[in-house]
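Structural overview
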Amino acid sequence: MTETSKITRRVALAGLTTALTAPAFRPSFAQAAPIKVGVLHSLSGTMAISETALRDTVLMMVEAQNAKGGLLGRRLEAVVVDPASNWPLFAEKARELLQVHKVDVTFGCWTSVSRKSVLPVFEELNGMLFYPVQYEGEEESKNIFYTGAAPNQQAIPAVEYLLGPDGGEAKRIVLLGTDYVYPRTTNRILRGFLNSKGITDADIMEEYTPFGHSDWQGIVARVKRFAGEGKKTAIVSTINGDANVPFYRELGNQGIKAEDIPSVAFSVGEEELAGIDTRPLVGHLAAWNYFMSVQSPANTEFKALWQAYIKNPRRVTNDPMEATYTGFNMWAQGVAKAGTTAVDAVRPAVIGQTFAAPAGYTETMLPNHHLSKPVMIGEIQADGQFNIVYKTPEVVPAENWSRFIPENANRRRG
Amino acid sequence: MRPARSVMKRIIVLVLLLLAAMPARAQDAFLTALPGLGGGFGAQVEAVERLGALGDPRALPALRALSEGRLLRLADGTLLIRDGATQVNAATGAPQQAAEADTQRININNRVRGALRGALGQLQIISPDPDERFAAAEAIFRSRNAANVPLLEAALARESVPRVRERIALALAASRLVASDPAAKLAGITALGATASPEARSILLEARAANADVLPQIEAAVADIDRRLAIRRVAETAFQGLSLGSVLLLAALGLAVTFGVMGVINMAHGEFVMLGAYTTVIVQDLARDIPWLQPWSLPLAVPMAFLVTAAIGAAMERGLIRHLYGRPLETLLLTFGVGMMIQQAVRLAFGAQNREVISPPWMQGTLMLPFDVPVTANRLWILCFSLVIFALILAAIRMTRFGLEMRAVTQRRAIAAAMGIRTGRVDALTFAFGSGIAGIAGVALSQIDNVSPNLGTGYIIDSFLVVVFGGVGSLAGTLIAAFGLGVINKMLEPWAGAVLAKVFVLVAVMVFIQRRPRGLFPQKGRAAEA
Amino acid sequence: MDTAQPSRARLGLRAVMITAVAILAIFPLLNQLPADNVFHVSDFLVSVSGKWICYAILALSLDLAWGYAGILSLGHGAFFALGGYAMGMHLMRLIGPRGSYGHPVLPDFMVFLGYQELPWYWLGFNHFSFAMLMVVAIPGLLALVLGWLCFRSRITGVYLSIITQAMTYALMLAFFRNDMGLGGNNGFTDFKELLGMPLNTGAARISLFYASLIALVASYLFCLWITGTKYGRVLTAIRDAESRVRFLGYNTTSHKLFAFVASAMMAGIAGALYVPQVGIINPGEFSPGNSIEAVIWVAVGGRGTLVGAVIGAFSVNGLKTWLTSAAPDLWLFVLGGLFVAVTLFLPKGLVGLLQGRAK
Amino acid sequence: MRGRRLYLDGVSVVFDGFRALNNLALVVEPGEMRAVIGPNGAGKTTMMDVITGKTRPTAGIVTFGDLDLTRMDEAAIANLGIGRKFQKPTVFDALTVFENLELALKAPRGPIACLRWVLAGGGRTRIEEVTTEIGLTDRAHDRAGILSHGQKQWLEIGMMLMQDPDLMLVDEPVAGMTDAETEHTAKLLARIAGKHSVVVVEHDLDFVRALGCKVTVLHEGTLLSEGSIDHVQNDPRVVEVYLGR
């Protein structure tokens, strides 16, 4: 209780100080002063649940960078806005960050739609956005750096694992997802991949639910039935954030054990598991590019920094936070290399940057503005952490234009 | 912890007894297989299978430890079993302490876990505890291996507990199906066909490819099971519908009082539900340090949530809503603003993340109703809970002095006042009552949904629709509407999909209200015409 | 005119409106001033006020339905969104082969969801005039059907509000479905041009700004005209005592329907102007919360005054824009508190406050 | 002499088992004035509701001329030429007296017609006439909401006059009026009666006597007695009902 209230007070104070110091509609005259870092994450509305942790991560990085003496001898200053899980408001706030606050870089967005909403603004005003969440790919903008996974860095290796001996050699696949573009596209890519592995459409069940779906009884019962056709079955879940808790509760309560019907999720991390009793879920899988349980010096440092910043030794880290952390460091390196914060100079400087990420691998920013990342598969453990059962030996370069979408056949691969 | 300890003791005694009588060759086989448990996943599976097949009870502690994450490895490959603070050598059973830093926990994956389940089943089928034997039979049934036939036959011969016998017989049937003896195979098929078990069906289907000779028998057995399952499926859908209905009912009941009886369009209703869920979290956190209280934290949360939300509701009524009687649409704007503030206050106080709510053991897992209809425990409890709450509300309104005054005030305020009823107090109590019910709903919903500041927003529109559909002011209407909408939704879902089913239900309610603008159970009399 | 003798307060309100429009009209000019001039208006303010103007049109349309005809629609956001979608479909068709897959006809999202051809309901949207027709026709038709059903069954007050809320909620769920062929959750983005004018340029923004301003003035004059006629007085009469109006021989169903449809069409126009300015339309616009917010703008400004709706839309949205960056953690308290305070202390809204001063 | 005959036969209205009207029969000839009296709950207002289409009868025939009123809604019935003054005056508070009367003025009633409506000289003269008639000339441009109770009653009568109906249903026109006003009202109604049919519901027996017309007595939803005021006042059943058992 005391920890949270302390945080509350600090957040409230931060809000007030910004209110007092940031003149809203007047341009800033102090151009030589600090480097401004925009933070464009929802602090209210449906996405606050996921995005507030990313806001805190960026604030932590700004603080840490200032403790190291800032960048180019200048102090960093975070400009936090609340786009309130409202997509047009994302566009408005992006414009405000760029035009009114004249930020040098922005870290933000979680959902694809929010990114799509701000993309034209960043392109028009030539800003720079670091987007830290795994997504469906099929996009590339010179003004955005994508530090989360592309489908080939998450979905395909995970399904490959399920089909392999360690994953249980699944012969039937259930594709469960929330009805939006990421699951739809991912599942289309996966269907192409599964067909290429000899799994026919008759052995694939695909089902979509609305956002925040909370009544999973019928669907889980149907999955059980689908699995009862005499072939090893696995679930591939692209269920979005909020709906996962009731989904996993229902899985546990209907007695679906990971040994019988394993499920692999692409949007469930440590943060989501913090809301559930994971004992009945032991063995279910998640695919990410980072788990908190990774053993690496960089991760030890990252976790220590985070828990000290948030003043809670039990707070977890997760993949998008790691992607934010990595992205921030790459940007800082790029600025140091370019010797300026000007977007046009920093952009080429960021490309090719390498960073020893908490994931335990050295990741590189590729010319397609995506990262090369390792792929990891973890099994849920009783303590809410993941036991890493598979890692790619090397980092995998991102393919933002999927080879399993026929229309991409003629596209030049970057 | 204590029962586990005593089981361990019993096992160790058993192990020592058997050890003395064990031929030297088998001892070697155990010792050669054991180190594999510390290897890669492939080696682990192999070792587990060998240890299970050996039937050597010494393997039991090591396998258990592995499945529970208590098996440790030293740098030289020695395996230790951690049991509380003490550690024993897995091979010899002798105590052997090692420093924390020198040991590494051995991880397993699903494949190993599956193999472990089979092996533990093989080893535990001779356990003295019938529950363990039951679980073992279940495990063997799922892992189905022809090699288990003799083991199961022996176990069946020994078994005296009927329900365990039944399970062993089923496991035997499943194991026989993969055996080569045709007569045994047919016996297995017949036994499996006599069940209503989806697993049995799955095993039969799986066996089709390898058993072209008995294909007709398999198909017939599957058809038998299908017939039984079809009936069960109807019951399952009905239960799912009723369960969804109970959630809708809980969410709507509070609103049936604040909106239905008082006419306040309470857009903050969802936030009261959310506050009830957070009260559950707080009660649980407080109870965490008091062991005897822990299992009671959920029941205890019910009155707490009622009191907390009722108090907030009363304050809101006295402070704000009181000024707006007779202007229902303006209460909408006001409560919307209040809802925004409550939501943000909770977000700042508790964080935007989901909070964990532990389900007590009696709310976990699946229960079997008659005719083998499986229902999940949490939903069954919530269904019963919603009906109890409904009955209590009805009793409170029909049978208490407060209920009488409440009805009097809402029907003829001026006359009630003239008769000496303190209408202001009754208003506050009524609103507090409705808010308190919303809080209770939050306790129940914390068991199936996310506990986050957004919890309430998902229920507000459904709640209003249920109340309007049922007929404003009619509690019975709310009950019927909630269950009706729940069942219809679940019936539509399999062929329309979850999203369209909901859209259809919404449209159906809208069309229905055109036909009967005052809902299923309209308020009667000329007063309602005005 | 004996019938329309505007009171002094009402004339004062019109003066407020004229001043506001005049100030807005010179915004783009003030934008040209050097940045250190006190009258300089930033690029951001110009672009964000274009958006507020669209909200003001939505608020006006709601005021016509609620403030005059007494139809409290909690689903007006749906008409706004439908107008926006119609415009969005036009803008998507105009992208043509410039999408990231280079398909000559299909928008990007259809390509990667594996559509082979354009669904029939997308036909015609490549023509500006057809799209503009749909901008008013689709919301109008929905309002006609829903209104006819509801008004004929004499569903009023709270019941009507909840039905309209259910309508926008059902539409939101439906539009979230990718199978609708309307882009699902992501909706439409990445527009390129409108009427041959590349979007995302200063010139386009100023053109859209003026188009919105003209639409606002036109809507205002339209509402002013309607409310000044005998029809407007019939509406007011219906709002206050509908059954009495019926006994005077007026078929109130058709009167309400006319106002509701006109209002829905205005909302549709507002949505159509909004979409190219914010660059995105997605099902979130249908969310019931948005519609309630629009009602709140009207309430804050003062219902039944037209000017109040405009003032409300500008002040609430201005406050929101300012607070979401000035106090990102606390803005909900301020806004929520404002709604509470206005309902309790300013039942006639900000305009009531102005009128009080005038007296 | 214009107008049609109002004819009710066998009319019953049941609300949730309560019989508000029970097999009621009533005939009002064109140009006739009729007073309807009866104790509270006798069904007077329900009878008016049935005639004006507010309430659908459970059984029975209601015709106006050869038109079946049970198939029409309130607006259509009003446009046929049946005007009604309510027991509790309901005028449009937000509009001025003049505007209230203008709304009631006989004219096309559709939305488009209302949008294009221009008050012509004839209409204006008529409004002014009625304003004078109801004694509200100097308040013509005040909002109706600020009128006194009696003035609202007058305005309501005025609105009914504006409709120029064939049949007027007048529910308790003099409640809350001073004696002088009551007298004035009686004269006004008597004058109207020549051109229109009028049905007056009233408690005030002196007023009814002043009207000097045929009287119908309702009790528990049925016709109890009918005839001249003297006739009904001497009818033992009526006496019993009024003076109680």
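Residues numbered from 1 in each chain as written. Chains lettered and ligands numbered in written order. Predicted model: local features only at pLDDT ≥ 70, side-chain atom pairs only at ≥ 80, totals over all residues. Heavy atoms only, no water.

1. A word on the packing of helix α15 (residues 377–399) of chain B against helix α18 (residues 423–445) of chain B
All names here are of chain B. Across the interface, α15 lies against α18 with an axial gap of 11 Å and an inter-helix angle of 170 degrees. Classed by the angle they form, the pair α15 and α18 counts as roughly antiparallel. Counting all contacts with α15, which are made through I382, F385, I389, I393, A396 and I397, the residues of α18 involved are F433, I437, I440 and A444. Residues of the contact of α15 with α18, tallied by class, amount to 10 nonpolar, no polar and no charged. (Axes fitted to C-alpha atoms, helices over the stretch in contact; angles between N-to-C directions. Helix = DSSP H or I, 4+ residues; strand = E, 2+ residues; numbered from the N terminus. Parallel < 35°, antiparallel > 145°, perpendicular 65-115°, else oblique. Contact = heavy atoms within 4.5 Å. Nonpolar A, V, L, I, M, F, W, Y, C, P; charged D, E, K, R; others polar.)

2. Notes on the nonpolar core
Membership of the largest hydrophobic core comes to 438 residues, with the highest contact counts inside it found for W331 of chain A, L37, L63 and F259 of chain B, F188 of chain C together with L155 of chain D. With 18 residues, the single largest contributor to this core is helix α3 (residues 43–68) of chain C. If near-sequence neighbours (up to four positions away) are discounted, W331 of chain A is found in contact with I35, V37, L71, L76, V105, F107, M128, F130, V346 and V350 of chain A. Membership of the second largest hydrophobic core comes to 30 residues, among which are A155, L170, A174 and I203 of chain B. (Core = buried A, V, L, I, M, F, W, Y, C linked by side-chain atoms within 4.5 Å. Buried < 20%, exposed > 50% of the residue type's maximum accessible area, 1.4 Å probe, protein only.)

3. Here we look at the pattern of salt bridges
Inspection of every chain in the model, using the stated rule, returns 60 salt bridges over all chains. The residue R177 of chain C makes a salt bridge to D179 of chain C at a minimum N-O spacing of 3.5 Å. For R177 of chain C, a relative accessible area of 15% translates into the label buried. Residue E32 of chain D pairs with R34 of chain D through a salt bridge whose shortest N-O separation is 3.0 Å. (Salt bridge = Lys/Arg side-chain N within 4 Å of Asp/Glu carboxyl O.)

4. Focus: the sheet that holds strand β3 (residues 33–37) of chain D
All names here are of chain D. The strand order across the open sheet formed by 6 strands is β6-β7-β8-β3-β9-β10, and the pairing between neighbours is mixed. A single partner strand is all that each edge strand has here, and the edge strands are β6 (82–85) and β10 (222–227). Put simply, the sheet's adjacent strands are angled 20 degrees from each other on average, direction ignored. As judged from the 4 bridges shared by β3 and strand β9 (residues 214–219), these two strands associate in the parallel manner. Counted as the bridge partner of I37 is V217 from β9. (Pairing = 2+ DSSP bridges.)

5. Concerning the pairing of strand β5 (residues 366–369) of chain B
All names here are of chain B. As paired strands, β5 and strand β6 (residues 373–376) are joined by 4 bridges and run antiparallel to one another. Bridging across to β6, M368 finds its partner in P374. Linking β5 to β6, which pair antiparallel, is a turn of 3 residues; within it F371 sits at a positive phi near 65 degrees.

6. A closer look at the sheet that holds strand β4 (residues 59–64) of chain D
All names here are of chain D. Reading across from one edge, β2-β1-β4-β5 is the order of the 4 strands in this open sheet, with antiparallel pairing throughout. Both outer strands of the open sheet, β2 (18–28) and β5 (67–68), are each paired with one neighbouring strand and no more. As paired strands, strand β1 (residues 6–15) and β4 are joined by 5 bridges and run antiparallel to one another. Its bridge partner lying in β4, Y7 is registered against T63.

7. Some remarks on the domain arrangement of chain B
Split into domains, chain B comes out as domain 1 (27–224) and domain 2 (233–463). The centre of domain 1 of chain B, based on its C-alpha atoms, is set 47 Å off from the matching centre of domain 2 of chain B. (Domains from an automatic or database assignment.)

8. So, the interface of chain A and chain B
Note: interface size is frequently given as the accessible area lost on complex formation between the parts. Taken together, the 58 residues of chain A in the interface contact 53 residues of chain B. Taking both partners together, chain A and chain B bury about 4,500 Å²; carbon and sulfur atoms supply 41% of that area. There are 8 salt bridges connecting chain A and chain B. A salt bridge links R379 of chain B to E250 of chain A; its shortest N-O distance comes to 3.2 Å. Seen at the junction of chain A and chain B, the total is 22 residue pairs in polar contact (both at pLDDT 80 or more). Residue assignment for the side of chain A that touches chain B shows that the elements contributing at least two residues are α1 (2–21), α2 (48–67), β7 (204–209), α7 (217–227), α8 (244–253) and β15 (386–391) of chain A. With 7 residues, α7 of chain A is the single largest residue contributor to the side of chain A that touches chain B. Here the side of chain A that touches chain B is composed, by residue class, of 23 nonpolar, 20 polar and 15 charged. (Buried area = accessible area lost by both parts, 1.4 Å probe. Polar contact = N/O pair within 3.5 Å; in protein donor to acceptor, adjacent residues only side chain to side chain.)

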